[in-house]
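Observations on the three-dimensional arrangement
What follows is each chain in one-letter form.
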Amino acid sequence: MILSIESSCDDSSIAVTEIESRRLLLHKKISQEKEHSLYGGVVPELASRLHAVALPKLLEEAKPYFSSLKAVAVTNRPGLGVTLMEGIAMAKTVAVLLEIPIIDVHHLKGHVYSLFIEKPSHFPLLILLVSGGHTMVLRANSFEQMEILATSIDDSVGESFDKTAKMMGLGYPGGPVIEALAKEGDPERFALPVPLRNDKRIAFSLSGLKNAVRLTVESLGGADAMSHKDKCDLAASFQATVIKHLLQKTKKIFKTDTTKDFAIVGGASANLAIREAFGELCADFGKTMLLAPLEYCSDNAAMIGRYGIDAYLRNQFADIDTLDAVVTRKLQSGTLLE
Ligand code: KG4
Ligand code: ZN
């Protein structure tokens, strides 16, 4: 079995996965949403302190499996330095104590592996990754080779949902609350600009849209003066604009990339309107759409453990003495996730 640990942002999570069957034997997660909600976003130092309390509690539940563990997999990049360190420190302790190897996991590769929980992995795949930290299209050719085809030049999709919610006084995380309000709203009411609409680049941008939302909130007299209907309509207009933008740019990639299987992963892939819109795009292009179960879209240790199995089977272990948190990585299009 593999023990896996995730602490790259505001979710403390631990899982135990059986290597041969890929069966998830234990999966626990403590989210810090309530604590960060007061601030409208994640406060790294607070997150780190909360991990220091939550992770040992979760590890306690994994103790019955200790004698069967063959390795410990931990997210070490990219993420918030102070929160990654909490998971890494615990992984090192377990590895030394049980004399087992340690596997370093790239968080975004973990999200890709959320597609393969309790299933065999398969490649190639074209992937839209939409999370709180990142927005990109990847071509995952194999376990080793995941190439960035397009990325955001500024904010991420998840972040734009969070900021939009914050501007309307709706708390954190913004994704689920905006999605819920959008269901009741009129997406045509506010004409928001579709980012990079006339730009040839295959890239994403969300900061201009965020600004347009801010101006709209101001024109309505601020969050407190907005009616429930105003909020629903703005949420619907915002979400529809994000979807148009994602579709426009991904469609350009679909025109030249014949990879049959397309997947959406990351926290914002839980959004049903995004799922539906891409389902239609895939049908138009004869592609098959793959999605992770809703519970594995946001950060979790199950996906880290699933990646850990494939790394373990390839004998890809980290050096315990040099393993460290890597905060910034080159995440430009044309480069590999590494
Ligand atoms: O993947 P994730 O858990 O963390 C990162 O790796 O960043 O993604 C969290 C992000 C948050 O910004 C959250 O607002 C967004 O995913 N999110 C959503 C939805 N559920 C979560 N965005 C849009 N619609 C949703 N239903
Ligand atoms: Zn994530």
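What counts as what
Residues numbered from 1 in each chain as written. Chains lettered and ligands numbered in written order. Predicted model: local features only at pLDDT ≥ 70, side-chain atom pairs only at ≥ 80, totals over all residues. Heavy atoms only, no water. Helix = DSSP H or I, 4+ residues; strand = E, 2+ residues; numbered from the N terminus. Rg over C-alpha atoms; globule rule 2.2 N^0.38 Å. Buried < 20%, exposed > 50% of the residue type's maximum accessible area, 1.4 Å probe, protein only. Contact = heavy atoms within 4.5 Å. Areas by Shrake-Rupley, 256 points an atom, 1.4 Å probe, with all protein chains shown as cover. Donors = N, O, S within 2.8 Å, 3.2 Å for Na, K, Ca; no water. Pairing = 2+ DSSP bridges. Right-handed = clockwise from strand over helix to strand, strands pointing away. Salt bridge = Lys/Arg side-chain N within 4 Å of Asp/Glu carboxyl O. Polar contact = N/O pair within 3.5 Å; in protein donor to acceptor, adjacent residues only side chain to side chain. Core = buried A, V, L, I, M, F, W, Y, C linked by side-chain atoms within 4.5 Å. Near = heavy atom within 4 Å. Nonpolar A, V, L, I, M, F, W, Y, C, P; charged D, E, K, R; others polar. Domains from an automatic or database assignment.

Time to look at the overall build of the protein. A count of helical and extended segments in the protein gives ten helices and ten strands. Here the protein has a C-alpha radius of gyration of 20 Å; the compact-globule value for 338 residues is 20 Å, and the two agree. Expressed as a percentage of the 338 residues in the protein, the buried residues total 52%. A sequence separation of at least 24 residues applies to 74% of the contacts in the protein between residues at least 6 apart. Accessible surface, the protein as shown: approximately 14300 Å² in total, 52% of it carbon and sulfur.

Reference values for angles at a metal are 109.5 degrees in the four-donor tetrahedral case and 90 or 180 degrees in the six-donor octahedral case. Every protein donor of the zinc ion (ligand 2) is accounted for by His107 (NE2), His111 (NE2) and Asp299 (OD), and the metal-donor separations fall at 2.0 to 2.1 Å. When the donor residues of the zinc ion (ligand 2) are listed from N- to C-terminus, their spacing reads H-x3-H-x187-D. Of this pair, His107 and His111 both sit in helix H4 (residues 107-113), separated by four residues, roughly a single helical turn. Classification of His111 as buried rests on a relative accessible area of 0%.

To continue, consider the pairing of strand E10 (residues 288-291). When strand E9 (residues 261-265) meets E10, the two strands line up parallel, connected through four bridges. Bridging across to E10, Phe262 finds its partner in Met289. Handedness of the crossover joining E9 and E10 through helix H9 (residues 272-285): right-handed.

The full count for this structure, using the stated rule, is 16 salt bridges. One salt bridge in this structure joins Asp11 and Lys29, with 4.0 Å as the shortest N-O distance. With a gap of 18 residues between them, Asp11 in strand E2 (residues 11-17) and Lys29 in strand E3 (residues 24-31) connect regions that are remote in the sequence. The partner of Lys210 in a salt bridge is Asp155, and the shortest N-O contact between them spans 2.8 Å.

Once that is clear, we can look at the side chain of Ser13. Relative to the helices and strands, Ser13 resides in strand E2. For Ser13, a relative accessible area of 0% corresponds to the buried category. A polar atom in the side chain of Ser13 sits 2.8 Å from the backbone oxygen of Lys28. Dropping the residues within four chain positions of it, Ser13 is found in contact with Ser4, Ile5, Glu6, His27, Lys28, Lys29, Leu55, Leu58, Asn300 and Ala301.

On to the nonpolar core. If you look at the biggest cluster of nonpolar residues, it comprises 39 residues, and the most contacted ones within it are Leu128 and Leu246. Broken down by secondary-structure element, the contributors of at least two residues to this core are strand E6 (125-130), helix H5 (157-167), helix H6 (174-184), helix H7 (207-219), helix H8 (228-256), E9 and H9. Sorting elements by how many residues they give to this core places H8 first, with ten residues. Leave out the neighbours within four places in its chain, and Leu128 touches Met136, Val137, Phe204, Leu246, Thr250, Phe262, Ala263, Ile264, Val265 and Phe278. Formed by 35 residues, the second largest nonpolar core is a distinct cluster that contains Ala71, Val265, Ile309 and Ala311.

Here Glu6 shows up in strand E1 (residues 2-6). At 2.6 Å, the side chain of Glu6 and the side chain of Ser8 are in polar contact. A polar contact of 3.1 Å, which involves the side chain of Glu6, links it to the side chain of His107. Those residues in contact with Glu6, other than ones at most four positions away along the chain, are Asp11, Ser12, Ser13, Leu55, Thr75, His107, Asp299, Asn300, Ala301 and Ile304.

Moving on to unusual backbone geometry. At the junction of Phe123 and Pro124, the peptide bond is cis and its omega measures out at 0° in the coordinates. Along the chain, Pro124 falls in the loop between H4 and E6. Residue Tyr172 is joined to Pro173 through a cis peptide bond whose omega torsion reads -5°. Note that Pro173 resides in the loop between H5 and H6. For Glu118, which is not glycine, the phi torsion reads 60° and is therefore positive. By the element assignment, Glu118 lies in the loop between H4 and E6. Taking the relative accessible area as the measure of exposure, Glu118 reaches 43% and is therefore partly exposed.

Looking now at the site of ligand 1. Looking at ligand 1, there are 20 residues lining it, with Gly132, Gly133, Asp162, Glu179 and Asp299 nearest. Residue His111 places a side-chain N or O atom 3.2 Å away from an oxygen atom belonging to ligand 1. Isolated, ligand 1 exposes 550 Å² of accessible area, and the fraction of that covered by the protein chains is 89%. Listed by contribution, the elements that provide at least two residues to the shell around ligand 1 are H4, H5 and H6. In terms of residue class, the shell around ligand 1 is built from four nonpolar, twelve polar and four charged. For the shell around ligand 1, the two domains that each supply at least three residues are domain 1 (2-117 + 296-333) and domain 2 (125-291).

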